[in-house]
Amino acid sequence: MSESQTTAPIRWGIAGPGRMATEIVPEFHLAGNAELVAVGSRSAERAEVFATKHGIPRWHSSYEALVEDPAVEAIYIATPHPQHTDIALAAIAAGKAVLVEKAFTATVADTERIAEAARQAGVFAMEAMWTRFNPAAAHLREVIARGEIGELRGCQGDLTAFREFDAEDRLFDPAKGGGAVLDLGVYVISFAQHFLGTPDVVRAVGGRYPSGVEGEFSLLLGYGDGRSASLAGAFTAYGPGRMMLNGTRGWIDVHARFHRAASVTIWREKTPEHLEFDSGYRYEIEHVGECLAAGLTESPIMPLDDTVAVQRIMAEVLDQI
Ligand SMILES: NC(=O)c1ccc[n+]([C@@H]2O[C@H](COP(=O)([O-])OP(=O)(O)OC[C@H]3O[C@@H](n4cnc5c(N)ncnc54)[C@H](OP(=O)(O)O)[C@@H]3O)[C@@H](O)[C@H]2O)c1
């Protein structure tokens, strides 16, 4: 897809002025085809404070008002996962494109509802799995497609991020979709699903906090032709966040932390090539703008079928834990 510099920038609204929204605002300004025009919150005060701090011209005291704002063309949803669904469905019903934070929803049924609504309405919807849009990931797709490490047979990796237990934090609260699988597992599973496809077998173990959400997991994805992925993640421990892709003629180290993919080493048989890359959220934002300019209703890199597949794997992992 080509750059959409010649078309007008997409006018974005942010739903959920929390931690992630604060982090992503500068990336909307860096993206070449985006304009941040509005923010919505459950509170007029929080919306106004956020808008004033970040120079956003319009603010709304409800998510409904944000969705109905005629100045907004696309909505970036950054509430806790269970609260993505109602906002996404309302936005789609209003004809607005949605970029929905990972994990897309807290349940498979909610993901399927959003996918079906978007397809029926012909409205663009995509999971904000920014790892797939970072330049390193784009480069790896080309290296692998050219067969430079042979046939891909598997991957191994973790995303481990120690967090002190805090019952108030969404990460540990079942009502807010807490737990390491939806927060960290989504990255390792989506990575494996992207490069290897949807697995035939899922095997998982893990442990839970007294609040009921899981703090650690380890899982194996199996494919009928013998390929496999061995993945792990935890809030309960420290770890690097590395990923390795194994091929019949070489392998690729995606260095820590792999989900932002700032550097990789490509081993063609035994010869290493070290490469460094820029990374950030602007690439997924630009990709949405390019899709909209091209009249697409789904991303070819993060299609809704992949999101549904990843959600199903996460549900299976949670069942087994
Ligand atoms: N891509 C990444 O690197 C990345 C990193 C971190 C998080 N995330 C994702 O971004 C999303 C938000 O994470 P976060 O850490 O930013 O969350 P957060 O700060 O806990 O919450 C974000 C906002 O959601 C709004 N909200 C709406 N309904 C809510 C409810 N019932 N309970 C609590 N808040 C509610 C709140 O705004 P108002 O009260 O003002 O309405 C809150 O400020 C999650 O899906 C997360 O997985 C992605």
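Now for a description of the structure that goes with this document. Here the structure is a predicted model, which is why all the values come from computation and not from measurement. (Residues numbered from 1 in each chain as written. Predicted model: local features only at pLDDT ≥ 70, side-chain atom pairs only at ≥ 80, totals over all residues. Heavy atoms only, no water.)

**Some details on the site of the ligand**
Rules: The criterion for a residue being near a molecule or strand is simple. One of its heavy atoms has to lie within 4 Å of it. Contacts described as polar in this section are N or O atom pairs within 3.5 Å, which, within protein, must combine one atom able to donate a hydrogen with one able to accept it, while residues neighboring in sequence count only if both atoms come from side chains. Where accessible areas are quoted, they stem from the Shrake-Rupley method and a 1.4 Å probe; at the residue level, only the protein chains shown are allowed to cover. For each structure, a 1 Å grid was placed over the protein atoms alone; sets of points admitting a 1.4 Å probe that cannot get out are labelled cavities, open sets with protein on both sides within 12 Å along at least five of seven lines are labelled pockets, and lining residues have an atom within 4 Å of a point. More than half of a molecule's atoms lying within 2 Å of a cavity's or pocket's grid points is what places that molecule inside it. Comment: elements are numbered from the N terminus, with helices defined as DSSP H or I runs of at least four residues and strands as E runs of at least two. Amino acids outside the nonpolar list (Ala, Val, Leu, Ile, Met, Phe, Trp, Tyr, Cys, Pro) and the charged list (Asp, Glu, Lys, Arg) are all regarded as polar, and Gly is one of them. How far each domain reaches was decided by an automatic or database domain assignment.
What surrounds the ligand is a group of 23 residues, the closest being S41, R46, Y63, K102 and Y281. Measuring from an oxygen atom of the ligand, one finds a side-chain N or O atom of S41 at 2.6 Å. Within the backbone of T79, a nitrogen or oxygen atom sits 3.4 Å from an oxygen atom of the ligand. Burial of the ligand by the protein chains amounts to 85% of its free accessible area of 900 Å². More than half of the atoms belonging to the ligand lie within 2 Å of the grid points that define the largest pocket. Contributions of two or more residues to the shell around the ligand are made by α1 (19-30) and α7 (180-196). Partitioned by chemical class, the residues of the shell around the ligand number eight nonpolar, seven polar and eight charged. Per-domain counts for the shell around the ligand show at least three residues from each of domain 1 (10-131) and domain 2 (135-279).

**As for the sheet that holds strand β4 (residues 74-77)**
We count it as follows: Note on pairing: two strands pair once DSSP finds at least 2 bridges between them. All axes here are fitted lines through C-alpha atoms, helices being fitted over the stretch that makes contact, and every angle between N-to-C directions spans 0 to 180 degrees. For this analysis, residues touch if any pair of their heavy atoms sits within 4.5 Å.
With parallel pairing, six strands are arranged side by side in an open sheet as β3-β2-β1-β4-β5-β6. What marks the edges here is a single partner per strand, and that holds for β3 (58-60) and β6 (125-128). When the angles between neighbouring strand axes are averaged without regard to direction, this sheet yields 25°. Of the strands in this sheet, β1 (10-15), β2 (34-40) and β3 are in contact with helix α2 (residues 44-54), which crosses β3 at around 160°.

**Quick notes on unusual backbone geometry**
Rules: Exposed residues in this analysis have more than 50% of their type's maximum accessible area, buried residues have under 20%, and partly exposed residues fall in between, with area computed by a 1.4 Å probe over protein chains only.
Here K102 and A103 are connected by a cis peptide whose omega angle stands at -15°. Summarising the element assignment, A103 is placed in the loop between β5 (97-101) and α5 (108-121). Note that the residue after A256, namely R257, is joined by a cis bond; omega there is -10°. Note that R257 resides in the loop between β12 (250-254) and β13 (263-268). Phi at E269 takes a positive value of approximately 50°, unusual for a residue other than glycine. Inspection of the secondary structure puts E269 in the loop between β13 and β14 (271-276). Judged by relative accessible area, E269 falls into the exposed class, the value being 54%.

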